[in-house]
Every structure is written in structure tokens, then in C-alpha cells.
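Reading the structure
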Amino acid sequence: MATAGPIGFLALAAPQLARRVARSPGVTVLASTAMGAALLVSADLLAQRLLSPFQIPVGLVTAAIGGAYLVWMLALAPASGSRSGRA
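This section reports on the structure supplied with the text. Here the residue index of a chain counts from 1 through its sequence in written order. Given that this is a predicted model, residues contribute local features only at a pLDDT of at least 70 and side-chain atom pairs are listed and counted only at 80 or more, while totals for whole chains, interfaces and linings are drawn from all residues. Each side-chain value is worked out from all heavy atoms of the structure, with water and hydrogens disregarded.

Side note on the nonpolar core
Formally: The nonpolar core is taken to be a set of buried Ala, Val, Leu, Ile, Met, Phe, Trp, Tyr and Cys residues, with the residues joined through side-chain atoms within 4.5 Å. The cut-offs for exposure are 20% and 50% of the maximum accessible area for each residue type, with area from a 1.4 Å probe on protein chains only; residues under the lower value are buried, those over the upper are exposed, and the others partly exposed. Secondary structure counts use DSSP, requiring at least four H or I residues in a row for a helix and at least two E residues in a row for a strand, with both numbered from the N terminus.
Residues Leu10, Ala13, Ala14, Ala18, Met35, Leu39 and Tyr69 constitute the largest nonpolar core, which totals seven residues. Elements represented by at least two residues in this core include exactly helix H1 (9-22) and helix H2 (29-49). The dominant element in this core, judged by the number of residues it contributes, is H1, at four residues.

The structure is reproduced here in C-alpha cells:
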């Protein structure tokens, strides 16, 4: 992970998005790889074109996309523990 740099959020988001797109119960390596490549190419293109005369690091874009995805996943996750008031 240290050699990949700040694009680590792709490892979080790509398999889950690939599973949703493929509508399969498990995560396949080929679908995850293709989704990760598509996300990275999209993030790189966005990083190059967002502030046209200036280039921003692709790590900022992937961190923003991955962070938004993480917040979305946490918001949709069901509560694991119920607070019934019993101790």
C-alpha cells in the first residue's frame, strides 16, 4: 500500500462498486480490476482538467471520491447494535 501512494481509497471503493455494477453476490477479480482502472483514469482526467491551467494531484481527487464513498457507505449501513435500554 505504501508504494501505491494516496490512491488507497480505490482499493476500498472499486470492489464494492464492481459488485454493484455486475449485480453478483461475490466480488470477482476481473470486475474489481476493471472498476479500479476506470476510477483511476477518471480521477486522473478530472485532476488534469478541473483547474485547467493548474494540475492537482490525483491523490486529492481519489481521496475526495473515496471519502465521499466511505461516508455514503457508512450512512447506508444498518446499525449493528440496537439500544434497547437494557444494561
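What follows continues from the structure just given.
Quick notes on the packing of H1 against helix H3 (residues 58-76)
Put simply, the rule is: Axis definition: a line fit to C-alpha positions, over the contact stretch in the case of helices; interaxial angles, taken between N-to-C directions, run 0 to 180 degrees. An angle counts as roughly parallel when it lies under 35 degrees, as roughly antiparallel when it exceeds 145, as roughly perpendicular when it falls between 65 and 115, and as oblique in every other case. Note: crossing handedness is left-handed where the near helix turns anticlockwise from the far helix by less than a right angle, and right-handed where it turns clockwise. Any two residues whose heavy atoms approach within 4.5 Å are treated as being in contact. Lys, Arg, Asp and Glu make up the charged group, whereas Ala, Val, Leu, Ile, Met, Phe, Trp, Tyr, Cys and Pro make up the nonpolar group; the residues left over, Gly among them, are polar.
It is at 9 Å that the axes of H1 and H3 come closest, and there the two elements cross at 55°. In terms of orientation, H1 lies oblique with respect to H3. Seen along the crossing, H1 lies across H3 with a hand that is left-handed. Contacts from Phe9, Leu10, Leu12, Ala13, Gln16, Leu17 and Arg20 of H1 reach H3 at Thr62, Ala63, Gly66, Gly67, Tyr69, Leu70, Trp72 and Met73. Grouping the amino acids of the contact of H1 with H3 by side-chain chemistry returns 10 nonpolar, four polar and one charged.

Some points on the packing of aromatic side chains
Put simply, the rule reads: Aromatic pairs are defined between Phe, Tyr and Trp rings, using the six-membered ring for Trp, whenever the two ring centres lie within 6.5 Å; interplanar angles under 30 degrees are classed as stacked, those over 60 as edge-to-face, and all others as tilted.
Per the stated rule, a full pass over the model turns up one aromatic pair. With centroids separated by 5.7 Å and ring planes inclined at 45°, the aromatic side chains of Tyr69 and Trp72 adopt a geometry described as tilted. With Tyr69 and Trp72 both in helix H3, this residue pair falls three residues apart, about one helical turn. Classification of Tyr69 by relative accessible area gives buried; the value is 8%. By relative accessible area, Trp72 is classed as partly exposed at 39%.

Considerations on the environment of Leu17
Examined against the element boundaries, Leu17 turns out to sit in helix H1. If we skip the residues at most four places from it in the chain, Leu17 touches Met35, Leu39 and Tyr69.

Some thoughts on H1
What counts, and what does not: Given the number of residues in a helix, its expected span is that number minus one, multiplied by 1.5 Å.
For H1, with 14 residues, the first-to-last C-alpha span of 20 Å sits near the 20 Å given by 1.5 Å per residue. For H1, the elements touching its buried residues are H2 and H3. Directly beyond the C-terminal end of H1, a positive phi value near 55° is found at Arg23.

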